[in-house]
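Structure assessment
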Amino acid sequence: MNQTNEIQSAPAAEFISVAIDGPAGAGKSTIARRLAAELGYLYVDTGAIYRTVGYHMKLMGIGARDADGIRRCIDDVNIEISYQDDGLQHMILNGQDVTELIRSPEISMMASGVSAQSCVRDYLLEMQRTLARTHNVIMDGRDIGTVVLPRAQVKIYLTASAEIRAERRYKELLAKGEKLRYEEVYTDVVKRDEQDMNRPIAPLKCAKDAVVVDGSYMTVNQVVAEIKAIIRKKAEAHG
Ligand code: DC
């Protein structure tokens with residue numbers, strides 16, 4: 001990847017950044033995609049970028065915890081993000097569209113594993129910041145409000161109980177024809193929470209200035225409406 005990773009944190013003043021962080025399966029992408037469409041912002045799914053790196057490492061036969069192997073291979077990862085008419089954020093890895101291939105439970109765990117490596121996080125940081133410097137963005141992930149865009153104008157921590165998150169993931173996977181038991185999906189959700197929250201670098205945590213939204217018992221429409229109201233309130237406060 002041909003990026004420099006100089007540390008500089010603020011999104012350009014004329015663009016608005018909305019950071020949505022939270023654990024796996026909290027509904028971040030569904031909500032963020034809807035918000036972006038309604039507000040005319042660019043939706044950036046940062047999990048998809050980590051998944052693409054995880055997918056590359058799997059292709060290369062490198063394990064999620066093989067720090068040396070990952071460091072050796074990271075420069076061979078060339079990621080392009082392409083926004084197409086289907087509304088999806090297409091991930092292009094070394095020229096191949098891997099958008100669908102990165103959605104399996106195996107790649108979820110690979111992404112969670114490789115994302116704990118500092119060389120991977122450093123590598124992706126500037127890509128994410130550049131998007132926020134050049135667009136109004138709704139960016140979702142784990143460390144957007146804490147590390148990637150600490151000066152985002154709006155920060156949301158979207159969460160839901162592990163049982164409810166696992167149930168939603170289970171239904172999504174069933175609909176895609178994956179044959180899994182609910183218990184396996186629940187175990188994966190809890191394991192990913194544990195990995196994502198307890199890694200030493202950029203762990204998932206609620207930023208001090210984030211608004212917590214617990215979507216456990218809310219519909220998508222209700223969560224979207226609540227976050228839109230938060231964005232409106234912040235915009236009014238900033239004049
Ligand atoms: O949001 P997701 O499930 O697609 O993310 C996949 C993994 O990528 C997640 O388990 C942790 C990692 N990730 C991260 O470390 N930082 C981000 N900003 C986004 C995702």
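Up top is the structure.
Residues numbered from 1 in each chain as written. Predicted model: local features only at pLDDT ≥ 70, side-chain atom pairs only at ≥ 80, totals over all residues. Heavy atoms only, no water.

Looking at the element boundaries, Asp140 is found in strand E6 (residues 137-141). Salt bridges are absent for the buried Asp140, whose nearest opposite-charge side chain, Lys28, sits at 5.7 Å. At 2.8 Å, the side chain of Asp140 and the side chain of Tyr43 are in polar contact. Non-local contacts of Asp140, meaning those with residues more than four positions away in its chain, are made with Ile20, Lys28, Ser29, Ala32, Tyr43, Val44, Asp45, Thr46 and Gly47. (Helix = DSSP H or I, 4+ residues; strand = E, 2+ residues; numbered from the N terminus. Buried < 20%, exposed > 50% of the residue type's maximum accessible area, 1.4 Å probe, protein only. Lys, Arg positive; Asp, Glu negative; His and termini not counted. Salt bridge = Lys/Arg side-chain N within 4 Å of Asp/Glu carboxyl O. Polar contact = N/O pair within 3.5 Å; in protein donor to acceptor, adjacent residues only side chain to side chain. Contact = heavy atoms within 4.5 Å.)

Moving on, we come to the site of the ligand. Of all residues adjacent to the ligand, which total 15 residues, the nearest are Arg51, Arg121, Arg192, Asp196 and Arg199. In the model, a nitrogen atom of the ligand is placed 2.9 Å from a nitrogen or oxygen of the Asp143 side chain. Contact with the protein chains covers 97% of the free accessible surface of the ligand, which is 450 Å². Sort the elements by how many residues they give to the shell around the ligand and helix H2 (residues 46-59) lands first, with 4 residues. Residues of the shell around the ligand, tallied by class, amount to 3 nonpolar, 5 polar and 7 charged. (Near = heavy atom within 4 Å. Areas by Shrake-Rupley, 256 points an atom, 1.4 Å probe, with all protein chains shown as cover. Nonpolar A, V, L, I, M, F, W, Y, C, P; charged D, E, K, R; others polar.)

What follows is about unusual backbone geometry. Phi at Asn94 takes a positive value of approximately 45 degrees, unusual for a residue other than glycine. Tracing the sequence through the fold places Asn94 in the loop between strand E4 (89-93) and strand E5 (96-97). The phi angle at Ala202 is positive, at roughly 45 degrees, despite the residue not being glycine. Mapped onto the fold, Ala202 is located in the loop between helix H8 (182-198) and strand E8 (211-214). The buried category is assigned to Ala202, whose relative accessible area is 11%.

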